[in-house]
Amino acid sequence: MSRLGAPHRASAAQLASLALLGDVGRPATLTVGDLRDGCRQHRAEVVFDCATSGPQRHVFEGPLLRDVALASQPLFDALRRKDRSRFALAVSGGDGHHTVLAWAEIDADFGNAPVLLATRLDGADLDMAGSQLVVPVDRCGARYISAITRVWVGAWPGAR
Ligand SMILES: Nc1nc2c(c(=O)[nH]1)N[C@H]1C(S)=C(S)[C@@H](COP(=O)(O)O)O[C@H]1N2
Ligand SMILES: [Mo]
């Protein structure tokens with residue numbers, strides 16, 4: 001199993017998928033088709049600034065990261081805001097670029113940010129390329145992780 005976790009070799013015939021895992025009751029492997037069929041799709045017209053190529057304007061469609069993550073049944077008490085606020089999400093691309101969000105950023109009782117896992121970019125399906133993280137509240141593009149391979153959901157261990 002030494003190749004476990006190695007980047008997938010690109011192939012035009014291969015569907016991209018991401019692993020949804022961490023402190024969750026129902027870990028899953030999801031294709032872009034699963035993200036399209038399993039959750040209500042939202043649309044976001046965004047502009048973000050890239051440090052190297054300047055302002056980028058795109059239209060993304062896809063489910064809310066919150067809805068996808070909740071389907072994996074994070075191991076918090078869903079009725080306790082303070083318990084949910086201990087959680088974070090780490091989103092990784094196939095190239096190793098990754099970023100972190102606080103659960104509270106996307107939680108309706110806190111930041112309520114409409115963060116998406118895109119299934120379409122500017123009208124083109126992302127089934128081969130993989131999903132892209134869409135963070136409309138960000139001014140810059142660094143957290144717009146593309147070719148997502150992994151979404152980890154878990155609690156900061158803290159001092160117990
Ligand atoms: N997997 C991955 N996603 C990434 C990056 C990266 O290096 N790897 N760079 C980010 C940065 S810095 C920006 S500005 C946007 C650029 O998005 P675009 O090329 O689609 O305009 O992608 C982001 N997503
Ligand atoms: Mo960027």
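See the structure shown above.
Before going into details, it helps to say that this report is about the structure given with it. It should be emphasised that the depicted structure is a prediction, and the values quoted were computed from it without experimental measurement.

1. Considering the overall build of the protein
Helices and strands together make up the secondary structure of the protein, namely four helices and 11 strands. For the protein, whose C-alpha radius of gyration is 15 Å, the value lies close to the compact-globule estimate of 15 Å for 160 residues. Principal axes of the C-alpha set define a box for the protein whose edges measure 45 × 40 × 30 Å. In the protein, once contacts between residues fewer than 6 apart in sequence are set aside, the share between residues at least 24 apart is 59%. Only carbon and sulfur atoms are counted for the fraction: they give 54% of the accessible area of the protein, which is about 9200 Å². Counting 18 positive and 17 negative side-chain charges, the protein places the averaged centre of each group 4 Å from the other.

2. Topic: the sheet that holds strand S5 (residues 87-93)
Strand order in the open sheet formed by five strands is S2-S1-S11-S5-S6, and the pairing between neighbours is mixed. Of all strands in the sheet, those bounded by a partner on one side alone are strand S2 (28-31) and strand S6 (98-102). Neighbour-to-neighbour, the strand axes of the sheet open up by a mean angle of 20°, direction not taken into account. As judged from the seven bridges shared by S5 and strand S11 (residues 148-155), these two strands associate in the antiparallel manner. If you follow Ser92 over to S11, its bridge partner there is Arg150.

3. Notes on the sheet that holds strand S4 (residues 54-62)
Consider a sheet: its strands pair through backbone hydrogen bonds, and that pairing is either parallel or antiparallel. Taken in spatial order, the four strands make up an open sheet running S3-S4-S8-S9, and their pairing is antiparallel. Two strands close off the open sheet at either side, each with one partner strand: strand S3 (42-50) and strand S9 (124-125). Note: strand S8 (residues 120-121) against S9, two bridges, orientation antiparallel. Among the inter-strand pairings, Leu121 is bridged to a residue of S9, identified as Ala124.

Criteria and cut-off values
- For every chain, the first residue of the written sequence is number 1, and numbering continues from 1 onward in sequence order.
- Starting at A for chains and at 1 for ligands, labels are handed out in the order in which the entities are written.
- In keeping with the predicted nature of the model, local features appear solely for residues at pLDDT of at least 70, side-chain atom pairs appear and are counted solely at 80 or more, and the whole-chain, interface and lining totals rest on all residues.
- As a rule here, side-chain values cover all heavy atoms of the structure and leave hydrogens and water aside.
- Counting from the N terminus, the helices are DSSP H or I runs at least four residues long and the strands are E runs at least two residues long.
- For this measure, only C-alpha atoms enter the radius of gyration; the expected value for a globule follows 2.2 Å times N^0.38, where N is the number of residues.
- The contact rule is simple, with two residues in contact once any of their heavy atoms fall within 4.5 Å.
- For every accessible area listed, the method is Shrake-Rupley and the probe measures 1.4 Å; residues are considered covered only by the protein chains on display.
- Neither His nor the chain termini are counted; the positive set is Lys and Arg, and the negative set is Asp and Glu.
- For this purpose, a charge sits on NZ of Lys, CZ of Arg, CG of Asp or CD of Glu.
- For two strands to pair, DSSP has to find at least two bridges joining them.
- Under this scheme, a helix contributes an axis fitted over its contacting stretch, all axes are lines through C-alpha atoms, and angles between N-to-C directions fall in the 0 to 180 degree range.

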